[in-house]
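# Chains, contacts and geometry: an overview
Residue strings, one per chain:
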Amino acid sequence: MERPVLGGLRGEKEEEEVERVLVSEHSWRPCPTARRRVRGCLEWVKRQLFRVGEDWYFLFILGVLMATISFTMDIIVTRLHFAHMWLYREIGDIGVLKYLSWTLYPMALAAFSTGFSQSITPHSGGSGIPELKTILMGVVLEDYLAIQNFGAKVVGLTCTLTCGSTVFLGKVGPYVHLSAMAAAYLGKMRTTVMKEYENKFKQHEMLVAAQAVGVATVFGAPISGVLFSIEVMSPHFAVRDYWRGFFAATCGAFMFRLLAVFNSEQETIAAVFKSDLKIDFPFDLLETFFFLILGIICGIVACAYLFCQRWMMVAVKRNRLMAKLLATDKPVYTVLVVLLLASVTFPPGLGQFMASRLTMKEHLISLFDNHTWGLLAPNASEVAKPGGLWQEWDHPSATIYGTLTFFLVMKFWMLILATTLPLPAGYFMPIFIYGAAIGRLIGEVVALLFPWGLHSEGALRPIIPAGYALAGAAAFSGSVTHAVSTALLVCEATGHLGHILPTVLAVLVANAITQKNQPSFYDAGIIVKKLPYLPPIRSRHIASYRVTLEEFMERQVVALAKGDSFQEVLVALDTSADAEYPVIESTGSPILVGTVSRSQLVTFLQSHEHPQAPQGEKLATVGTIGDDCTIEPVMLQFSPWTSLHQAYHLFQLLRLQRVFVTRSGELVGAVSRAELRRAIEELANPK
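Residues numbered from 1 in each chain as written. Predicted model: local features only at pLDDT ≥ 70, side-chain atom pairs only at ≥ 80, totals over all residues. Heavy atoms only, no water.

## Digging into the overall build of the protein
Under the convention used in this document: Numbered from the N terminus, helices here are DSSP runs of H or I no shorter than four residues, and strands are runs of E no shorter than two. Exposure classes here rest on a 1.4 Å probe applied to the protein chains alone. A residue is buried below 20% of its type maximum, exposed above 50%, and partly exposed in between. Two residues form a contact once any of their heavy atoms are found within 4.5 Å. Accessibility throughout is a Shrake-Rupley quantity obtained with a 1.4 Å probe, and a residue counts as covered only by protein chains that appear here.
Looking only at helices and strands, the protein features 27 helices and five strands. In the protein, which comprises 687 residues, the share counted as buried stands at 51%. Within the protein, contacts between residues at least 6 apart in sequence are counted, and of these 75% link residues at least 24 apart. Working note: accessible area of the protein is about 33300 Å², and carbon and sulfur atoms make up 62% of it.

Take a look at the structure:
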């Protein structure tokens, strides 16, 4: 008798709650008709805008956003560096105070950059390109592209760049990482706006465009930005993503240069490092020999640089004191290293022989100067303009050749030491400037040997050292990163195409030397950090093509039969932690029929009974995998006689993680990235 009454009371309470909710909704959302019309208008606008495809809009937003952030960072860095130089000049001639103002300023900024960024995310240190290369190969790195890390990396990178030529670090690598984070976030926004499921292929397309935007918005070079990002980041590139990279990079580069016009820095859109090189007769044909020599020198120096840099990274990790500082007190390690670098670059000391008062941009502009310094230096007071940047390289007690040589010797180990700092920093711009200094020195020496040009008869055609600086910058940076597109990058960044052919020649020669002997700078970072990335097969010997999967595949594979039940599944899950398990026809007939995921097997155990369970705890009747689990077909199988090179290219092209090996349909083993990497290191690239 009481149950209906209780039910009636419960029904009345539910009706009151529904009325209360309706009243609340009406009180907070008035004008339902107007809201419906507004929503309808917005849906119509969205359909009209996305008629041409939503990719165009998100790529445009990505390019404009990253260009705006890049330009804003440059303005902040310029003003903070101006404040540092003003403080250094206003102190006067007191040596101790000048030293403190020169060293404490970058030390404080670098310590703040390290502490602030590392306290928010451990992924903020370094350039970020090694990790991004790993992600583009299909490996998942947790939280590496989270938008929460964006602000930490922007603030940390700004502080790093403000240190100027003291630390001598750039922003290309970290800015590619920032672009990737922005692209990942925009990809999630697109799934929300378009009301579609998250698509991994769409995410990959946005990341491919982001890496081009990162380079283009730093140099204002969209074409070489796309090509350089492809060479450095992607061993295999889908042509369908080509237009995305070009469109986003063009939007970013155009916006980056347009903001410079709006800020009254330039009258029109021009190159970032605008040069005044003459193009009527840029170089003599016989000078090609000296450009070849320049390429050889850049290749040899790049090999030494890569070897020493990788050795330094390993040595820092193995040294107990340094490893302890990097593990517990990263800002302390940063302060000590920056103190050493700042002391070396102190202008009244050794810095006066290294043009240490110039910013990194001024370093590059001065090295691309269209004058022969060897001819101007003896008459510097009469010929040169007051305050010319090239005069920073001229010292009364040393020649131009001496200061350039001293700069190269000192910056060699300083650049290597700076790469160990645990703060957001890029390493491409420093090696770009270093290569320009190598080219400038070679050009000045050639101009000294042939003051009237290589032809003494006919019209006067003097040597142009700035052309050698262009070729040196492209050759050294290209050989360190194993890229050829740096030849086009230097032409886009300076707006000069007269030396494109000798520059390409020098880049090719330098790359031929470096790629034969050393991994690239970013591949070396992957090796040192032990990221799950497949190393390149460097060996071109015919024996490396004879290595087959049968020699190194995993033979003990945990497999399940279609008729297996609870006990067999439980043993398989306890034996292996694989994400998926191969399913064979039966124990007597190991024909591979498909795979089943670990999550499905766990669900299978949760919904079925254990053979030894008490009667009261039984969940269901005994079942088998073939009856109760979804067996996915195997789309790709390897043969034991598949070569290492074939497997390597398929793993890279399809971003595979694990492939099963069958002989006449029977499962005989499996190959994962771990086995493939071990085979490449031991068989294809023997030490």
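Back to the write-up after that little detour.
## With respect to the layout of surface pockets
What counts here: A 1.4 Å probe that fits into a set of points on a 1 Å grid over the protein atoms alone but cannot get out defines a cavity; an open set with protein on both sides within 12 Å along at least five of seven lines defines a pocket, and lining residues are those with an atom within 4 Å of a point. Grid points are joined across faces, edges and corners, and a volume is the space filled by probe spheres set on the points. Side-chain classes follow a simple rule in which Ala, Val, Leu, Ile, Met, Phe, Trp, Tyr, Cys and Pro form the nonpolar group, Asp, Glu, Lys and Arg form the charged group, and the remainder, Gly included, forms the polar group.
Its volume calculated, the largest pocket comes out at about 1500 Å³. Among the elements of the structure, helix H5 (129-136), helix H7 (172-194), helix H8 (200-219), strand E3 (592-597) and strand E4 (658-663) are those that each provide at least two residues to the lining of the largest pocket. Of all the elements, H8 adds the most residues to the lining of the largest pocket, at six residues. A per-class count over the lining of the largest pocket returns 24 nonpolar, nine polar and eleven charged.

## Looking at the pairing of strand E2 (residues 580-584)
The condition that has to hold: For two strands to be treated as a pair, DSSP must find at least two bridges joining them.
Of all five residues in E2, four are buried; the element is thus mostly enclosed. The pairing of E2 with E3 spans five bridges and is classified as antiparallel. Bridge pairing links valine 583 to glycine 594 in E3.

## Some remarks on unusual backbone geometry
The backbone of lysine 530 shows a phi angle near 55 degrees, a positive value even though the residue is not glycine. Its place among the elements puts lysine 530 in the loop between helix H22 (521-529) and strand E1 (560-561). Its relative accessible area of 69% is what places lysine 530 among the exposed residues. Look at serine 664: it is not a glycine, yet its phi comes out positive at around 55 degrees.

## Details of the packing of aromatic side chains
Our working definition: Two rings from Phe, Tyr or Trp (for Trp, the six-membered ring) form a pair when their centres sit within 6.5 Å of each other. Planes less than 30 degrees apart are called stacked, planes more than 60 degrees apart edge-to-face, and all others tilted. Whether a charge lies above a ring is judged from NZ of Lys or CZ of Arg, which has to be within 6 Å of the ring centre and within 35 degrees of the ring normal.
Scanning the model with the defined rule gives 23 aromatic pairs in all. Taken together, Tyr305, Phe412, Tyr427, Tyr434, Phe476, Phe521 and Tyr522 form an aromatic cluster joined through their ring pairs. Across from the ring centre of tyrosine 175, 5.4 Å away, lies the NZ or CZ of lysine 171, which sits over that ring. In this structure, arginine 440 packs its charged tip against the face of tryptophan 373, placed 4.1 Å from the ring centre.

## Overview of the packing of helix H11 (residues 288-318) against helix H17 (residues 400-418)
Put simply, the rule reads: Axis definition: a line fit to C-alpha positions, over the contact stretch in the case of helices; interaxial angles, taken between N-to-C directions, run 0 to 180 degrees. Any angle that is under 35 degrees is reported as roughly parallel, and any over 145 degrees as roughly antiparallel; angles of 65 to 115 degrees are reported as roughly perpendicular and all others as oblique. Definitions for this section: a left-handed crossing has its near helix turned counterclockwise from the far helix by less than a right angle. A right-handed crossing has that turn clockwise.
Here H11 crosses H17 at 40 degrees, and the two axes come no closer than 9 Å. Judged by the angle between their axes, H11 and H17 are oblique. The two elements H11 and H17 cross, and the hand of that crossing is right-handed. Along the contact surface, H11 presents Val301, Ala304, Tyr305, Cys308, Gln309 and Met312, while H17 presents Phe412, Leu415 and Ile416. Among the residues making up the contact of H11 with H17, the classes are represented as eight nonpolar, one polar and no charged.

## A word on the sheet that holds E3
Pairing within the open sheet is mixed, and its three strands lie in the order E1-E2-E3. Of all the strands in the sheet, the pair left with one neighbour each is E1 and E3. With two bridges joining them, E1 and E2 adopt parallel strand pairing. From the neighbouring strand, leucine 560 faces E2, where its bridge partner is valine 583.

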